[in-house]
Amino acid sequence: MIQTDIIIIGAGPVGLFTVFEAGLLKLKCHLIDALPIPGGQCAEIYPKKPIYDIPGYPSIQAADLIKKLMEQIKPFNPGFTLGETAYSLEKDQEEQFIVTTSEGTSHRAPVIAIAGGLGVFTPRKPPIENLNEFEKKYIHYIVKEPEIFANKNIVISGGGDSALDWALYFAENFASSVHLIHRSENFRAHNDSVQKAMNFAKLGKIKIILNSEVQEIKEKKGALSLNVISKNKKTQSIACDNWLPLFGLSPKIGPIGNWGLEIEKNAIKVDNATDYSTNIEGIYAIGDVNTYNGKLKLILCGFHEAAIMVQSAFKKIYPNKNNVLKYTTVTGIKGF
Amino acid sequence: MDISITVTNRDNKTKKIIAPTDMNLNLMEILKVYEYPIEGTCGGMALCASCHIFINSKHDLPAISLSEKAILDDNWDTQPNSRLACQIPISKKIDLINIRLAPEI
Ligand SMILES: Cc1cc2nc3c(=O)[nH]c(=O)nc-3n(C[C@H](O)[C@H](O)[C@H](O)COP(=O)(O)OP(=O)(O)OC[C@H]3O[C@@H](n4cnc5c(N)ncnc54)[C@H](O)[C@@H]3O)c2cc1C
Ligand code: FES
């Protein structure tokens, strides 16, 4: 069981900055995110796009903002449970919350901050009937531990950045054979990666199959056999150890929707006049995941909500202590 | 000036909605205003496909950009009349357009 002061659900920009604000009050945090990397929407949807409304930065790439936030919270040594979805919520006899993930990791704390954004990033699965029969053994929608694909025959489907980046990574680092199957002939990935993939294809390091898609799957001699059909109806079958359909992830509110929180239009209702608390005492909701009159889904607003929220969390955890606001300029950053 | 748009929802219900042409809106945004179940996750940058629609009328629409084409190409619900609603500005040109929401992604 992981014990901490604040369990933060969601490691997007708002969840990350909460670690900093909590750290100033000497509160420890542990973050849980379904994605294998921190950054939320900034990492998954638009890492290479510039953001123009972060105070103090006339322009900053979304991925760089996440890098800087990670650097800023480092002194406070937060814990991370990544690649796991916060699934169930309980309260124990000592009035502490226990949050357990889909993988069974348990976390315990007196306070929960939900910074779940638009929801759990959930893979978009291709419409193949018997997909779930093979999911456990052969299919991965997210790459959590690249090492497990070392020296495997892998097939990647998709035309976006993650499909190309992983195809390149495996071909460069270890896989014995990489096929990349894409439904059309233009990729929506970054130009540099597309160029590199084409060069790799020329060198025979990646086999690229364009204008095609996987139509059927079955098991054959201890491998997954993919039946691939092209736009002009030619079929071929490819045997592999693993298939990675990387068609992107789209956010869904997920298990948090069943925790007894007051939900309005896919967002959690909070008390914005005071501290962004939800209808369950000890649970707060900040960032894109919450809603109140006049809510703006902006990073800047989430940062503000985090600062206010941790003050209230401090009072909940230490009812007899008074906290006095101190400027970081005066006190500096004292990590732990 | 206001224009009229015929929208068929995922539950097959069809309704006419009215949209202003002078507010710099796109079709995704107007569908959200009318509380259609369209997320618009990427805010209209042709990055997410959550605003995928089918066009059921003949209108002079802006050309499909490379990024829109790439997103549609990567989506298995795509039909020849598919578009991303966020890439279609509300203007006089699309008055009386008839659209249907694509299945949820
Ligand atoms: C294309 C685009 C451009 C944008 N441009 C700007 C801009 O210019 N300026 C601006 O201020 N904002 C912009 N935004 C909005 C901004 O990205 C969001 O406001 C911000 O990401 C919200 O941060 P968050 O931490 O609240 O949530 P998110 O970034 O959505 O992160 C939430 C995280 O929580 C995780 N999660 C949710 N539920 C669970 C669960 N049950 N278990 C485990 N993990 C869970 C998700 O996987 C996700 O990683 C833009 C958004 C997009 C898509
Ligand atoms: S809103 Fe994301 S593609 Fe249109």
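Up top is the structure.
None of these values were measured; they are calculated from a predicted model. Throughout this description, residue numbers start from 1 for each chain and increase along the sequence as written. Chain A is the first chain written and ligand 1 is the first ligand written, with later ones labelled in order. Thresholds applied to this predicted model are a pLDDT of at least 70 for local features of residues and 80 or more for the giving and counting of side-chain atom pairs; totals over whole chains, interfaces and linings are not thresholded and use all residues. Hydrogens and waters are ignored; side-chain quantities use all the structure's heavy atoms.

**Q** Requested: an account of unusual backbone geometry, with residues and values cited.
**A** Despite not being glycine, Lys265 of chain A has its phi angle at roughly 45 degrees, a positive value. Put simply, DSSP marks the helices as runs of H or I at least four residues long and the strands as runs of E at least two long, and each gets a number from the N terminus on. Topologically, Lys265 of chain A is positioned in the loop between strand E20 (263-264) and strand E21 (267-269). Each residue gets one of three labels from its accessible area relative to the maximum for its type: buried under 20%, exposed over 50%, partly exposed in between, using a 1.4 Å probe on protein chains only. For Lys265 of chain A, a relative accessible area of 67% gives the class exposed. We note that Asn24 of chain B has phi near 60 degrees; this positive angle belongs to a residue other than glycine. Considering the arrangement of structural elements, one finds Asn24 of chain B in the loop between strand E2 (14-20) and helix H1 (27-33). With a relative accessible area of 74%, Asn24 of chain B lands in the exposed category.

**Q** Go over the nonpolar core, please, and point to the residues and values.
**A** Generally speaking, nonpolar side chains in soluble globular proteins are found buried as a group. The biggest cluster of nonpolar side chains holds 62 residues, and the ones touching the most others in it are Ile6, Ile9, Ile51 and Ile114 of chain A. Going through the elements one at a time, strand E2 (6-9), helix H1 (13-24), strand E3 (29-33), helix H3 (62-73), strand E8 (97-101), strand E10 (111-114), strand E22 (283-285) and helix H7 (299-317) of chain A are the ones with two or more residues in this core. Residue contributions to this core peak at eight residues, all from H7 of chain A. With residues near it in sequence (within four places) discarded, Ile6 of chain A still touches Ala22, Leu27, Lys28, Cys29, His30, Ala109, Val111, Ala113, Met309, Val310 and Ala313 of chain A. Working definition of a nonpolar core: buried Ala, Val, Leu, Ile, Met, Phe, Trp, Tyr and Cys residues. They are joined through side-chain atoms within 4.5 Å. One finds Ile3, Ile53, Ile88 and Ile94 of chain B within the second-largest nonpolar core, a separate group that totals 29 residues. Should any heavy atoms of two residues lie within 4.5 Å, those residues are considered in contact.

**Q** Help me get a handle on the packing of aromatic side chains, residues and values and all.
**A** For Phe, Tyr and Trp, rings pair up if their centres lie within 6.5 Å, where Trp contributes its six-membered ring, and each pair is then called stacked (planes under 30 degrees apart), edge-to-face (over 60) or tilted (otherwise). Enumeration over the complete set of coordinates arrives at 14 aromatic pairs over all chains. Summarising the aromatic geometry, the rings of Tyr169 of chain A and Phe174 of chain A are spaced 5.9 Å apart at their centres and angled 85 degrees between planes, so their arrangement reads as edge-to-face. By relative accessible area, which is 24% here, Phe174 of chain A ends up partly exposed. Three or more aromatic residues link up through ring pairs in this structure, and these residues are Phe17, Phe20, Phe76, Phe303 and Phe336 of chain A. Criterion for a charge above a ring: Lys NZ or Arg CZ within 6 Å of the ring centre, and within 35 degrees of the ring normal. Here the basic side chain of Arg124 of chain A rests over the ring of Trp76 of chain B, its NZ or CZ set 5.9 Å away from the ring centre. In this structure, Lys205 of chain A packs its charged tip against the face of Phe200 of chain A, placed 4.6 Å from the ring centre.

**Q** Go over the interface of chain A and chain B with me, naming the residues and quoting the values.
**A** Taken residue by residue, the interface counts 23 residues in chain A and 18 residues in chain B. For the chain A and chain B pair, buried surface summed over both sides reaches about 1,700 Å², with 57% attributable to carbon and sulfur atoms. Area buried by chain A at its contact with chain B is led by Arg124, Arg183 and Arg188 of chain A, which between them contribute 35% of it. In the sections that follow, a salt bridge refers to a side-chain nitrogen of Lys or Arg positioned within 4 Å of a carboxyl oxygen of Asp or Glu. Here chain A is connected to chain B by three salt bridges. Residues Lys252 of chain A and Glu104 of chain B are paired through a salt bridge, measuring 4.0 Å at the closest nitrogen-oxygen approach. Nitrogen and oxygen atoms within 3.5 Å of one another constitute a polar contact, given that in protein one can donate a hydrogen and the other can accept it, and given that sequence-neighbouring residues count only through two side-chain atoms. If you look at where chain A meets chain B, you find seven residue pairs in polar contact (both at pLDDT 80 or more). Throughout, buried area stands for the accessible area (probe radius 1.4 Å) lost by two parts on being put together, summed over both.

**Q** Can you explain the site of ligand 1? Please cite residues and give values.
**A** One heavy atom suffices: a residue is near a molecule or strand as soon as one of its heavy atoms comes within 4 Å of it. Of all residues adjacent to ligand 1, which total 35 residues, the nearest are Asp33, Tyr46, Asp53, Ala86 and Asp288 of chain A. Residues near ligand 1 are shared among chains A and B, making this a multi-chain site. A distance of 3.4 Å is found between an oxygen atom of ligand 1 and a backbone nitrogen or oxygen belonging to Pro13 of chain A. Measuring from an oxygen atom of ligand 1, one finds a backbone N or O atom of Phe121 of chain A at 3.4 Å.

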